[in-house]
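Overview (structure and organization)
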Amino acid sequence: MTRSLFKGNFWSADILSTIGYDNIIQHLNNGRKNCKEFEDFLKERAAIEERYGKDLLNLSRKKPCGQSEINTLKRALEVFKQQVDNVAQCHIQLAQSLREEARKMEEFREKQKLQRKKTELVMDAIHKQKSLQFKKTMDAKKNYEQKCRDKDEAEQAVSRSANLVNPKQQEKLFVKLATSKTAVEDSDKAYMLHISTLDKVREEWQSEHIKACEAFEAQECERINFFRNALWLHVNQLSQQCVTSDEMYEQVRKSLEMCSIQRDIEYFVNQRKTGQIPPAPIMYENFYSSQKNAVPAGKATGPNLARRGPLPIPKSSPDDPDYSLVDDYSLLYQ
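Computed from a prediction, not measured in an experiment: that's the story for all the values here.

Looking only at helices and strands, the chain features four helices and two strands. Overall, the chain shows an N-to-C arrangement of helices and strands of α-α-α-α-β-β. Pairs at least 24 residues apart make up 81% of the contacts formed inside the chain by residues separated by at least 6 positions. Surface summary for the chain: the accessible area is close to 24200 Å², and the carbon and sulfur share equals 55%.

Structural data, given as structure tokens:
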């Protein structure tokens, strides 16, 4: 920085005023508070990352995910589970890094606090000294002014007593006037001495005020730079986490590219096939058919009859005594 801005812009015409110094201190306090807020933010983010990493780790290791898949898709799922595990570990590591950055921010805050304390103690002392000396000077001024008024009254009394015949009264007035003149001279010296002392205190205060402004401005520059770099590093860590996660997920994508639907289907067929000949059709069996023509169930090879065949036609007429016979079988009880 080529020039200091603090030392030229925080003065007041009132010698007792500390408004400029107070504004700087308030700004530094706000800056320290901001650093503390970012420190707490990092700690909270670290807790979130750690919690997420552990939850993701438990999910990867305990929750089934396509555990009955086979062949190429199974291998892709194994890569997927492993990379999810790796991503979870990365989030846990990120949480540790964030806590480390929070610790550095805390150390920086405490360092600046100690540095400020030294300057603030000096400034507090010089402010008290300036106020005390100003009060003494004003008291000396009041005393001096009162002595001047007393002298003026004594001179007027002497002037009014010029026509008095009583010499004793005139003598008393002259003694009082002489005494008042001496008091004026003494109070004037005391007043001038306090003015001189106050001016020295004022110069010392101005010198310390300039030093404090320069020190506080340098400290604020350091704080802004540190805060900026800490925030920059934080977002870089988050970006790196995304890049690392994407690299791990890329491994999953590559394993998925190696998946073959045809090979997985063939693998399943080869591992679990049961045969290539389907069962024969179940044939209709006429109850009246000869036993020798019967075909065992499940092994018939003839054509499947869609419906029952026609009944046999009797060979005799209804008037014929043999009408009740069907293939030599009588329907009448004999």
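A separate point is unusual backbone geometry. The backbone of N71 shows a phi angle near 60°, a positive value even though the residue is not glycine. Checked against the element boundaries, N71 lands in helix α2 (residues 71–160). Overall, the relative accessible area of 16% leaves N71 in the buried class.

Once that is clear, we can look at the nonpolar core. Listed in full, the 12 residues of the largest apolar core are C35, F38, L42, A46, L94, A95, L98, A102, M105, F227, A230 and L238. Broken down by secondary-structure element, the contributors of at least two residues to this core are α1 (19–62), α2 and α3 (167–257). If one sorts the elements of this core by residue count, α2 sits on top with five residues. Once you skip the residues sitting within four places of it in the chain, L42 turns out to touch L98, E101, A102 and H234. Formed by 11 residues, the second largest nonpolar core is a distinct cluster that contains F6, I24, A212 and C213.

Basis of the calculations
Residues numbered from 1 in each chain as written. Predicted model: local features only at pLDDT ≥ 70, side-chain atom pairs only at ≥ 80, totals over all residues. Heavy atoms only, no water. Helix = DSSP H or I, 4+ residues; strand = E, 2+ residues; numbered from the N terminus. Contact = heavy atoms within 4.5 Å. Areas by Shrake-Rupley, 256 points an atom, 1.4 Å probe, with all protein chains shown as cover. Buried < 20%, exposed > 50% of the residue type's maximum accessible area, 1.4 Å probe, protein only. Core = buried A, V, L, I, M, F, W, Y, C linked by side-chain atoms within 4.5 Å.

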